[in-house]
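Chain and residue survey
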Amino acid sequence: MPNLRLLTWNINSVRLRMPLLTRLVQELEPDVVCLQETKCPDELFPHEPLAALGYAHRAVRGMKGYNGTAILSRLPFAPRQDDPDWCAKGDCRHVGVDLDVPGGLELHDFYVPAGGDIADREANPKFAHKLDFVAEATAWNAARGPAKRAVMVGDLNIAPLECDVWSHRQLLDVVSHTPVEVAALTAWQQAGAWHDAIRHFVPPPEKVYTWWSYRARDWEASDRGRRLDHVWVSQDLAGSLRRHHIHKAARGWTQASDHVPVLVELAL
């Protein structure tokens, strides 16, 4: 088969941004689209327009108003039924499938809790939830052993490297780049022996961002970004990575998400 084009995007409401998703598909032509923060209960998910775009296979896990993940695919897959309900909250932050490609491919789409504004477990239950979520995912990965023929994508809401943020010094106590979060995400990555696909192509110390705050008066001019969106591949797929693309232009679209789409291409 030709290279697999896999895209991840925190869309920040799939129904609101369906026109942008349509534009994105037309511009980048991904084979598989992984969405986070769909903010849509399953019964209202826009299946028909997505089928019309060529995504005959869809796995959705959504709820009203917030959270939600979805995998849209032009290739057949089997939904994964036995993956955990993280922190026993039923809050639709993960969906997984087994893609029907030569050799098979396990695909996981995650939306890690943002964690609120206060980087203190005791003072901020949202931050505690974030750390607990990542700890559970790490233990799950550790119990399964190194990932094989697998890809993990999503909005992980942590920028782990100094060059993943516009200012390491100024963001050290800001949720998403605090040392405790960085250590937690690094442990998760190591537990599955995951290979960072974006840094495969753009090694440190070069800056890479996938998110720019809505609070910025001019996000492009200030360029105070963070790399919150990630693509990890198992070590056996590292040699199959062919290219990546961060669709920064999407941040400037009308009614844009504050995250931009990230595409990785694999030769399977």
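Remember, predicted model here, so these are calculated numbers, not experimental data. (Residues numbered from 1 in each chain as written. Predicted model: local features only at pLDDT ≥ 70, side-chain atom pairs only at ≥ 80, totals over all residues. Heavy atoms only, no water.)

**Observations regarding unusual backbone geometry**
A cis amide bond links Pro204 to the next residue, Pro205, at an omega of 10 degrees. Positionally, Pro205 belongs in the loop between helix H6 (197-201) and strand E10 (211-212). Phi at Ser13 is positive, roughly 100 degrees, even though this residue is not glycine. Mapped onto the elements, Ser13 comes out in the loop between strand E1 (4-10) and helix H1 (18-28). On the accessibility criterion, Ser13 (12% relative accessible area) is buried. A positive phi angle is found at Ala193, which is not glycine, with a value near 55 degrees. Counting through the fold element by element, Ala193 comes out in the loop between helix H5 (179-191) and strand E9 (195-196). (Helix = DSSP H or I, 4+ residues; strand = E, 2+ residues; numbered from the N terminus. Buried < 20%, exposed > 50% of the residue type's maximum accessible area, 1.4 Å probe, protein only.)

**Structural notes on the environment of Gly239**
Along the chain, the position of Gly239 falls in the loop between strand E12 (229-233) and strand E13 (241-246). Among the residues examined, Gly239 registers a relative accessible area of 63% and is labelled exposed.

**Brief notes about the UniProt feature "site: Important for catalytic activity" (unreviewed entry) in the chain**
The positions that UniProt labels "site: Important for catalytic activity" (unreviewed entry) are, in the present scheme, Asp229. For Asp229, the position within the fold is in strand E12. Excluding residues that lie within four positions of it along the chain, Asp229 makes contacts with Asn10, Gln36, Gly154, Asp155, Thr210, His259 and Val262. A polar atom in the side chain of Asp229 sits 2.5 Å from the side chain of Thr210. (UniProt positions renumbered as here; feature names shortened; annotations may be inferred. Contact = heavy atoms within 4.5 Å. Polar contact = N/O pair within 3.5 Å; in protein donor to acceptor, adjacent residues only side chain to side chain.)

**Let's talk about the sheet that holds E13**
Judged by pairing direction, the sheet is mixed, and its six strands sit side by side in the order E3-E4-E2-E1-E14-E13 without closing on themselves. Two strands close off the open sheet at either side, each with one partner strand: strand E3 (57-61) and E13. Neighbour to neighbour, the strand axes of the sheet diverge by 10 degrees on average, direction disregarded. Bridge analysis of E1 against strand E2 (residues 32-36) gives five bridges, and the strand direction is parallel. If you follow Asn10 over to E2, its bridge partner there is Gln36. Each of E1, E2, strand E4 (69-73) and E13 touches H1; the most contacted strand, E1, lies at about 155 degrees to it. (Pairing = 2+ DSSP bridges. Axes fitted to C-alpha atoms, helices over the stretch in contact; angles between N-to-C directions.)

**Topic: the packing of helix H3 (residues 125-144) against H5**
H5 packs onto H3 with a crossing angle of 20 degrees between their chain directions and a minimal axis gap of 8 Å. By the angle class used here, H3 and H5 are roughly parallel. Considering the relative orientation of H3 and H5, their crossing is left-handed. Contact with H3, carried on its side by Phe127, Lys130, Leu131, Val134, Ala137, Thr138, Asn141 and Ala142, involves Val180, Glu181, Ala184, Leu185, Ala187, Trp188 and Ala191 of H5 and no other residues of that element. For the contact of H3 with H5, the class distribution of residues is eleven nonpolar, two polar and two charged. (Parallel < 35°, antiparallel > 145°, perpendicular 65-115°, else oblique. Left-handed = near helix turned anticlockwise from the far one by under 90°. Nonpolar A, V, L, I, M, F, W, Y, C, P; charged D, E, K, R; others polar.)

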